[in-house]
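Examination of the molecular architecture
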Amino acid sequence: MSARAELVICGAGIAGVAAAYHLAVRQRVRGVVLVDEREPLTLTSDKGTQGYRNWWPGPDDTMLRFVSRSIDLLEEIADETTNLFRLNRRGYLFATAEEDGVERLRSTARQVSSYGMGPLREHSAPGAYEPAPAEGFRDQPVGADLLLDDEALRAFPLLSRTTKAALHVRRAGWMNAVALGAWMMKQSMAAGVTFVRDGVSAIDTQGGRVSRVRLSSGASIDTDRVVLATGPMLPHSGRLLGIELPLFHELHAKVTFADTLGIIPRSSPFTIWIDEVDGFPGGVHVRPIDGPRGNELFFIWTFHTEPIQPVWPPTFDARYGEVCLRGLAAMAPRMSAYLDRPERGYVDGGYYCKTTDNRPLVGPLPVEGAFIIGGLSGTGIMTSQSAAELLAAHVTQAALPDWSNAFVPTRYDDPAYVEQSLRAGALTGQL
Ligand SMILES: Cc1cc2nc3c(=O)[nH]c(=O)nc-3n(C[C@H](O)[C@H](O)[C@H](O)COP(=O)(O)OP(=O)(O)OC[C@H]3O[C@@H](n4cnc5c(N)ncnc54)[C@H](O)[C@@H]3O)c2cc1C
């Protein structure tokens, strides 16, 4: 079979599906074909904790503004769909038992506030702090609340009595990314997008321009525009065009755990202990799954940050569930009740596909007609909308937002930029 398309998107994770939605539905591009060897959203995009936050500490305001734009679009879709993907606004809560932890929270919050997160409010007595609702996202405060000493424990009694402060970032929470993706797929197909279940095995060029996408089944699609959205397979896809992409990978796991003892309140925010525990760096996270009912939790602790070559299926450290439980017991001591029991939860996860500045790659590639949306790291759900909107602007040659240069692959052609990004580091903004 040989077919013709105006544009072929390779990969139907959140990046490819959001790209299809922004191109076909919002920009009315016709003749879009979306190709994936798997069912949409079944490789990485359904494996995460699906959180979002307008919290990005540096090195400047670029990522904070980029994520904030994405949250604007997520809220728009939530309004349009009567919130079918259950975007909530419970916030991210960063807690510490260390004096210098309090100072770190305060100074980072001031910095992120100066980038546009919203105001920082400090509370050392009851009264002004407004807790977040378990469901819904409208009419909530922005910025962050720094709860000091007893005020942190009064608002969040699950925390250890040693807690000195908890910072509640308010334009944050989580969603059901699979429901969001399914809605974008449906809208895209209604706007004329065709989904082809096949692998992309080669991309032909003619006169330096994309001319054809070849599929593993032997079929091919004639096209002069292709978008690479293949997540952790992007380095391989880039090589189909003779391009080495500036990407690497980290493997990250999460635990799905039945809180049968009902220790973590079902209305909790995404709660993160920023202190080291037993030699492991700070950052163990916990959140309830879904809304106020049920008893399942997600745990995640992203201490495995060494670059790794993706292999499938990924294998995870057999002790990961226990390590997370021990970390959580430092933050919420009642969780230690599980250490005497056999349950360690179900572990899965996937690869963060990253750049050295931990910013996505969105824009044209050096082969004419080829584009990329990827390198979405641990934030691809929350940035999916602004990344796809930006990709669509590049493809349709519309006006680009002022942050577009921060995401184009050519930024790595500038040695000064490379040096500056290496100084900030690939863990910038990673929790
Ligand atoms: C443990 C964990 C926790 C996370 N938590 C969060 C979070 O709280 N918030 C957040 O915003 N993000 C989070 N993320 C990150 C987020 O999940 C990713 O950034 C995002 O899913 C990446 O989407 P993608 O579309 O680029 O890649 P993928 O979802 O991997 O999709 C790529 C697609 O390309 C297809 N493909 C690859 N090669 C080919 C080929 N040759 N032919 C056809 N198809 C191909 C694959 O089959 C796949 O469907 C987390 C990730 C992990 C692993």
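Because the structure is predicted, anything quoted here is derived from the model rather than measured.

1. Considering the packing of helix 1 (residues 14–26) against helix 8 (residues 384–396)
Interaxial distance between helix 1 and helix 8 falls to 8 Å at its minimum, and their mutual angle equals 55 degrees. Judged by the angle between their axes, helix 1 and helix 8 are oblique. Both helix 1 and helix 8 take part in a crossing whose hand is right-handed. Only Ser 384, Gln 385, Ala 387, Ala 388, Glu 389, Leu 391, Ala 392 and Val 395 of helix 8 make contact with helix 1, whose side of the interface consists of Ile 14, Ala 15, Ala 18, Ala 19, Tyr 21, His 22, Leu 23 and Arg 26.

2. Quick notes on unusual backbone geometry
Residue Gly 58 is joined to Pro 59 through a cis peptide bond whose omega torsion reads 5 degrees. Along the chain, Pro 59 turns up in the loop between strand 4 (51–53) and helix 2 (62–80). Backbone torsion omega between Trp 312 and Pro 313 reads -5 degrees, so that peptide bond is classified as cis. Structurally, the position occupied by Pro 313 is in the loop between strand 18 (296–300) and helix 7 (320–331). Located in the positive-phi region is Thr 82, a residue other than glycine, with phi close to 45 degrees. Relative to the helices and strands, Thr 82 resides in the loop between helix 2 and strand 5 (92–96). Unlike most non-glycine residues, Asp 278 shows phi in positive territory, near 50 degrees.

3. Comments concerning the site of the ligand
For the ligand, the set of nearby residues contains 42 residues, the closest of which are Gly 11, Gly 13, Gly 48, Gly 231 and Gly 380. For the shell around the ligand, the secondary-structure elements that each account for two or more residues are helix 1, strand 3 (32–36), strand 4, strand 15 (248–258) and strand 19 (346–354). The residue inventory of the shell around the ligand, partitioned by class, reads 16 nonpolar, 21 polar and five charged. Split by domain, the shell around the ligand shows at least three residues from each of two domains, domain 1 (2–50 + 177–246 + 355–424) and domain 2 (88–174 + 249–352).

Reading guide: rules and limits
- Residues numbered from 1 in each chain as written.
- Predicted model: local features only at pLDDT ≥ 70, side-chain atom pairs only at ≥ 80, totals over all residues.
- Axes fitted to C-alpha atoms, helices over the stretch in contact; angles between N-to-C directions.
- Helix = DSSP H or I, 4+ residues; strand = E, 2+ residues; numbered from the N terminus.
- Parallel < 35°, antiparallel > 145°, perpendicular 65-115°, else oblique.
- Left-handed = near helix turned anticlockwise from the far one by under 90°.
- Contact = placed C-beta atoms within 7 Å.
- Near = placed C-beta within 6 Å.
- Nonpolar A, V, L, I, M, F, W, Y, C, P; charged D, E, K, R; others polar.
- Domains from an automatic or database assignment.

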